[in-house]
Amino acid sequence: MSGTVTHDPPPGTADRPGRPLIVTEDAQLLDDLLRLCAAAGATPEVHHAVPDHGDGWDAAPLVLVGDDAARRVRGAPRRRGVVLVGRDQDDSGVWKRAVQIGADHVLMLPDGEQWLVDRIADVAEGVGRPALTVGVIGGRGGAGASTLSCALAVTSAREGLRTLLVDADPLGGGLDVLLGGESAEGLRWPAFAASRGRVGGGALEESLPRLHALRVLSWDRGDCVAIPPQAVRAVLAAARRRGGTVVVDLPRRLDDGVAEALAQLDLALLVVPGELRAVAAAGRVASAVGMVVRDLRVAVRGPYAPGLDDREVARLLGLPLAGEVPLEPALLRPRGTAKPPAATGRGPLARFCATFWEQALVQAGGTR
C-alpha cells in the first residue's frame, strides 16, 4: 500500500544525482531499505535520527523515514521529498504521523517495493524534468512522417538538447538507415524485447547508436516486428526520465505496443499531404490516435489540391494547425542518398523544425 500526500519533488534536486537519506532504528526495515537501494543502484546515508549536520537532512534528494523514527524527526525542518515507510497495513495512525513530519508519501512494505525502487533509482540518475516527447504519424502512406521525425530530432540535437529518436515502426526500414547509420554500433529494438519493470535511463542512452549528436533506437534487419507493450513502456519511460526531447516515429497501424508509445506522448503531429484522399485517410488515423493522445496537431504538406490549403485541411480534420511542412527535395529523395533532413540547419524544413521546438518548449514550461 502507498499513498500520496503531495507530489512536488524536493527543491534543488533536478538534474542532480545524490544519496538518499534513511532514518530508522528498525534493523529489519533498514535491511529492506538497503536492499531496495542496492537494487536501484544507490548508496544511502543512514542515521537513527535527524543528522547533526543540518545539510544532511536538507540536501538529501530523498529521505526515507522509518515509521519507528517518525517521533524523532517531528521537529526537523519541513522539506519536500520525505517518504514515511512502515509495515502495518492496518495502522490508520500512520497518516497522522506523516502529516506531523511533512511527508510527501506514505508507503507500506512489501507492497510498495517497486514504487520505492523506481523513486530511489530516479534519485541515483539525477532525474529532473521529463523529456518533452513528440510523436509523428503519417495521415497516409508516404506522407513524410519519418523524414519529419528525423528532421525534428536532428534540429533538437543541434540546439544542444539531449535527444532520442525512437523508431516505433518495425516495417519502416529503420530510421538508422535514413540517418546513414545502419552499420553503427549499438542496440536495436529486439534487444529490449524482454524488458520488464524499470530500465535505467543512463544505461539505455549509452547502449544506443549515436548519430548526428543524438541517440537512435531503431530496428535491425531481423525478423522481429513487434515488441511487447511492457517493454515499450519500460524503454520509453526510461528515455523520458533523461530529460531533453524524445521524438517517436509512429506507424499508422495501431497495436498494443504502439498504444503504449502513444500514451507516453506529450503531443503528436499528424502529417497530412494537401489532397482530399489524404485528408480522408488522416481522419481515420486521427480518430484512433485522438483516443489516446491528448494533444494532437496537424502538420500539412503541399502541394495542394484545388480548394485546399493548410488551414482548410486543419479545419476539415477538426485539429489545431501545427504549421505547413515545407516541401524540400530531402523529403522526396530515397533513404540513404542524402544528408539527414535539416542536418545543415538551413532551409525551410530546418526553420520549420526550429520554430516548432521553440514554441513547444515554451508551451511545455521552458528548456529541458
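Anything mentioned here points back to the structure above.
Residues numbered from 1 in each chain as written. Predicted model: local features only at pLDDT ≥ 70, side-chain atom pairs only at ≥ 80, totals over all residues. Heavy atoms only, no water.

Visitor: Describe in detail the packing of aromatic side chains, supporting the description with residues and values.
Guide: As enumerated under the stated definition, the model contains 2 aromatic pairs in all. Arranged with centres 6.1 Å apart and planes meeting at 35 degrees, the rings of Trp-189 and Trp-219 form a pair that is tilted. Here Trp-219 lies in the loop between strand S10 (214-217) and helix H8 (229-241) and Trp-189 lies in the loop between helix H6 (175-178) and helix H7 (201-207), a separation of 30 residues in the sequence. Classification of Trp-189 as buried rests on a relative accessible area of 3%. (Phe/Tyr/Trp six-rings, centres within 6.5 Å; stacked < 30°, edge-to-face > 60°. Helix = DSSP H or I, 4+ residues; strand = E, 2+ residues; numbered from the N terminus. Buried < 20%, exposed > 50% of the residue type's maximum accessible area, 1.4 Å probe, protein only.)

Visitor: Describe in detail the nonpolar core, supporting the description with residues and values.
Guide: By size, the foremost hydrophobic cluster in this structure holds 45 residues, and its most contacted members are Trp-189, Leu-250, Leu-270, Val-272 and Leu-317. Listed by contribution, the elements that provide at least two residues to this core are strand S8 (163-167), H8, strand S11 (245-250), helix H9 (256-263), strand S12 (267-273), helix H10 (276-289), strand S13 (296-301) and helix H11 (310-317). Apart from the residues lying within four places of it in its own chain, the contact partners of Val-272 are Gly-139, Ala-278, Val-279, Ala-282, Val-298, Ala-299, Val-300, Arg-301, Val-313 and Leu-317. Residues Leu-165, Val-216, Leu-269 and Leu-349 belong to the second largest nonpolar core, which totals 35 residues. (Core = buried A, V, L, I, M, F, W, Y, C linked by side-chain atoms within 4.5 Å. Contact = heavy atoms within 4.5 Å.)

Visitor: How would you summarise the environment of Ala-322 if you had to cite specific residues and measurements?
Guide: For Ala-322, the position within the fold is in strand S14 (residues 321-325). On the basis of relative accessible area, Ala-322 is assigned to the partly exposed category, the value being 22%. When the C-alpha atoms of Ala-322 and Asp-310 are compared, they prove to be 9.5 Å apart, with 12 residues separating the residues in sequence. Each residue touching Ala-322, except ones within four places of it in the same chain, is listed here: Leu-269, Arg-297, Val-298 and Phe-352.

Visitor: Describe the sheet that holds S12, listing the residues and the values that go with them.
Guide: Across the sheet, which stays open at both edges, the 8 strands sit in the order S9-S10-S8-S11-S7-S12-S13-S14 with mixed pairing between neighbours. At either margin of the open sheet sits one strand with a lone partner, and together these are strand S9 (210-211) and S14. Of the strand pairs in this sheet, strand S7 (residues 132-138) and S11 are connected by 6 bridges, and their pairing is parallel. Residue pairing for S11: Val-134 is matched across the bridge by Val-247. With respect to the sheet, H10 is in contact with S7, S12 and S13, its orientation differing from that of S12 by roughly 165 degrees. (Pairing = 2+ DSSP bridges. Axes fitted to C-alpha atoms, helices over the stretch in contact; angles between N-to-C directions.)

Visitor: Describe unusual backbone geometry, naming the residues involved and giving the relevant values.
Guide: The peptide bond linking Leu-109 to Pro-110 adopts the cis configuration, its omega dihedral lying at 5 degrees. Looking along the chain, the bond that leaves Gly-302 and enters Pro-303 is cis, with omega of 0 degrees. Tracing the backbone shows Pro-303 in the loop between S13 and H11. Even without glycine at this site, Ala-342 takes up a positive phi of about 70 degrees. Positionally, Ala-342 belongs in the loop between helix H12 (329-332) and helix H13 (348-364).

Visitor: Would you mind going over the packing of helix H5 (residues 145-158) against H13 in detail, with residue names and values included?
Guide: Contact pair H5 / H13: the axes reach a minimum separation of 9 Å and the direction vectors enclose 65 degrees. By the criterion of interaxial angle, the relationship of H5 to H13 is roughly perpendicular. The way H5 lies across H13 gives a crossing that is right-handed. In this structure, H5 uses Leu-148, Ala-151, Leu-152, Thr-155, Ser-156 and Arg-158 to contact H13, whose residues at the interface are Leu-349, Ala-350, Phe-352, Cys-353, Ala-354, Phe-356 and Trp-357. Considering only residue class, the contact of H5 with H13 consists of 10 nonpolar, 2 polar and 1 charged. (Parallel < 35°, antiparallel > 145°, perpendicular 65-115°, else oblique. Left-handed = near helix turned anticlockwise from the far one by under 90°. Nonpolar A, V, L, I, M, F, W, Y, C, P; charged D, E, K, R; others polar.)

Visitor: Please give an account of the pattern of salt bridges that cites residues and values.
Guide: Evaluation of the coordinates by the stated rule reveals 19 salt bridges. A salt bridge links Glu-260 to Arg-233, with the shortest nitrogen-to-oxygen separation between them at 2.7 Å. Residue Glu-260 is located in helix H9, and its partner Arg-233 is located in helix H8; the two are separated by 27 residues in the primary sequence. The partly exposed category is assigned to Arg-233, whose relative accessible area is 39%. Two residues, Asp-266 and Arg-240, come together in a salt bridge whose shortest N-O distance is 3.2 Å. Of this pair, Asp-266 sits in the loop between H9 and S12 while Arg-240 sits in helix H8; the two residues are 26 residues apart in sequence, bridging distant segments of the chain. (Salt bridge = Lys/Arg side-chain N within 4 Å of Asp/Glu carboxyl O.)

Visitor: Explain the side chain of Thr-245 to me, using residue names and the numbers behind them.
Guide: Mapped onto the fold, Thr-245 is located in strand S11. Look at Thr-245 and you get buried, because its relative accessible area is 1%. Polar contacts involving the side chain of Thr-245 include one to the side chain of Ser-156, which spans 2.7 Å. In terms of polar contacts, Thr-245 uses its side chain to reach the side chain of Thr-163, at 3.5 Å. Setting aside its immediate chain neighbours within four residues, Thr-245 contacts Ala-131, Leu-132, Ser-156, Leu-161, Arg-162, Thr-163, Leu-164 and Trp-357. (Polar contact = N/O pair within 3.5 Å; in protein donor to acceptor, adjacent residues only side chain to side chain.)

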